[in-house]
Structure formats: C-alpha cells, structure tokens
Amino acid sequence: MATDKTSFARQFMGQIPHSRELGMEITDMGDGKAEITMGYDSRFVGDPKTGVIHGGAVSALMDTCCGTAVMSHPQVGGATATIDLRIDYMRAATPGQTITARAECYHVTRSVAFVRATTFDEDFDRPVATATGTFTVETG
C-alpha cells in the first residue's frame, strides 16, 4: 500500500506544472510524513543582488510537501487540496544550496487534515521557514 501511495503522490506531483518547473523531488514519504527537495536554480531568484530564492518558490515547495504528507497518511484515501497554509519565514535560504521541506500530517478528521512543516537549506540546525496548514481529505 505504501508503494501505491508513493507512486500516486509522484504522479500527482508530476501533474502540477509548478512542481515540475521548480524541480521538486520526493525523497521520503510514508505514514503521514513527506520530504521533498528543490535544487537551487537561478531562474527562481527573487533578489538578483543576493541570489536568494524567491519566497514564492519556498511556499510552493512547502505547500506541495504538506499535501504529499496528507496523501501518505493511512487514513487518507486519495488526493487533497490546500484549505489554509500559514508560513513563517525565519531567514533567507543560502544561495546555491538545495532546499528541503519536511512535513507531517499529525491529525485527520472526516474532511480535514492538519499538517506542520519545516524547510531547510543545507544547514538543518537553522530552519528557513515553518508552516502549519489544513487540507481537504478523502478518507479511505
């Protein structure tokens, strides 16, 4: 079943144009948890003077990772959609470094999943951003 969910999540993510364009890759997934990476790409720089990736690319990564965590939860039977996502940016990601988002779906009701996530560059001791969100669910 876990392989089916991973395959479904990869296929689902592959259908999202911005996920493909941003180069997102699922690196870990299972039982309500997900990890997705996004390599540095100068096309997504928000400030040419500093080379820092635009916050919109970081938020897209976090949103996608949260949705993937929901889809991997044992009580969820299919696709999901974002209801609400609050992101707190703590610092700029270091230019040139891969960004990693980790999300956990920690509670599921009949119609809503609750998720929290953290994003890092290559310094896993200092988060770039954190998020909390709610997502629609299809219970299985």
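Criteria and thresholds
Residues numbered from 1 in each chain as written. Predicted model: local features only at pLDDT ≥ 70, side-chain atom pairs only at ≥ 80, totals over all residues. Heavy atoms only, no water. Helix = DSSP H or I, 4+ residues; strand = E, 2+ residues; numbered from the N terminus. Rg over C-alpha atoms; globule rule 2.2 N^0.38 Å. Buried < 20%, exposed > 50% of the residue type's maximum accessible area, 1.4 Å probe, protein only. Contact = heavy atoms within 4.5 Å. Areas by Shrake-Rupley, 256 points an atom, 1.4 Å probe, with all protein chains shown as cover. Lys, Arg positive; Asp, Glu negative; His and termini not counted. Charge placed at Lys NZ, Arg CZ, Asp CG, Glu CD. 1 Å grid on protein atoms, 1.4 Å probe; cavity = no way out; pocket = protein on both sides within 12 Å on 5 of 7 lines; lining within 4 Å. Points joined across faces, edges and corners; volume = space filled by probe spheres on them. Nonpolar A, V, L, I, M, F, W, Y, C, P; charged D, E, K, R; others polar. Phe/Tyr/Trp six-rings, centres within 6.5 Å; stacked < 30°, edge-to-face > 60°. Lys NZ or Arg CZ within 6 Å of the ring centre and 35° of its normal. Pairing = 2+ DSSP bridges.

K.L.:
Hey, could you run me through the overall build of the protein in this one?
P.N.:
Looking only at helices and strands, the protein features three helices and eight strands. Listing each helix as α and each strand as β along the protein from the N terminus yields α-α-β-β-β-β-α-β-β-β-β. Computed over its C-alpha atoms, the radius of gyration of the protein comes to 14 Å, within 12% of the 14 Å expected for a compact globule of 140 residues. The C-alpha extent of the protein, read off along each of the three principal axes, is 50 × 25 × 25 Å. Evaluated residue by residue, the protein yields a buried proportion of 44% over its 140 residues. The contacts of the protein with a sequence gap of at least 6 include a subset with a gap of at least 24, amounting to 62%. Summing over all exposed atoms, the protein offers an accessible surface of approximately 7300 Å²; the carbon and sulfur share of this is 49%. For the protein, the centre of its 12 positive side-chain charges and the centre of its 17 negative side-chain charges are spaced 3 Å apart.

K.L.:
So what exactly am I meant to see when it comes to the layout of surface pockets here?
P.N.:
To find leftover empty space, one rolls a probe the size of a water molecule over the atoms. Empty space within the largest pocket amounts to approximately 160 Å³. What lines the largest pocket is a set of 14 residues, and nearest its centre among them are Phe12, Ile16, Asp63, Thr64 and Gly67. By residue class, the composition of the lining of the largest pocket is seven nonpolar, six polar and one charged.

K.L.:
I keep staring at unusual backbone geometry and nothing clicks. Help me out?
P.N.:
Backbone geometry follows two general trends: most residues other than glycine have a negative phi, and most peptide bonds adopt the trans configuration. With a phi angle near 50°, Asp31 is a residue other than glycine that sits in the positive phi range. Here Asp31 is to be found in the loop between strand E1 (24-30) and strand E2 (33-38).

K.L.:
In this structure, what is going on with the packing of aromatic side chains? I would like to understand it.
P.N.:
When we look at a pair of aromatic rings, we describe it by the centre distance and by the angle of the planes. Taken as a whole and assessed by the stated rule, the structure comprises one aromatic pair. Plain terms: the ring middles of Phe120 and Phe124 are 5.1 Å apart, the flat faces sit at 35° to each other, and that makes the pair tilted. A relative accessible area of 10% means that Phe120 is categorised as buried. Among the residues examined, Phe124 registers a relative accessible area of 37% and is labelled partly exposed. Its guanidinium or amino end placed over the ring of Tyr106, Arg116 lies 3.8 Å from that ring's centre, counting from NZ or CZ.

K.L.:
How do you make sense of the pairing of E1 when you look at a structure like this?
P.N.:
In the case of a regular strand, side chains alternate between the two sheet surfaces. Pairing geometry for E1 and E2, over six bridges, is antiparallel. Residue pairing in the sheet places Met24 in a bridge with Met38 of E2. Counted along the chain from E1 to the antiparallel partner E2, the turn is two residues long, and its residue Asp31 has a positive phi close to 50°.

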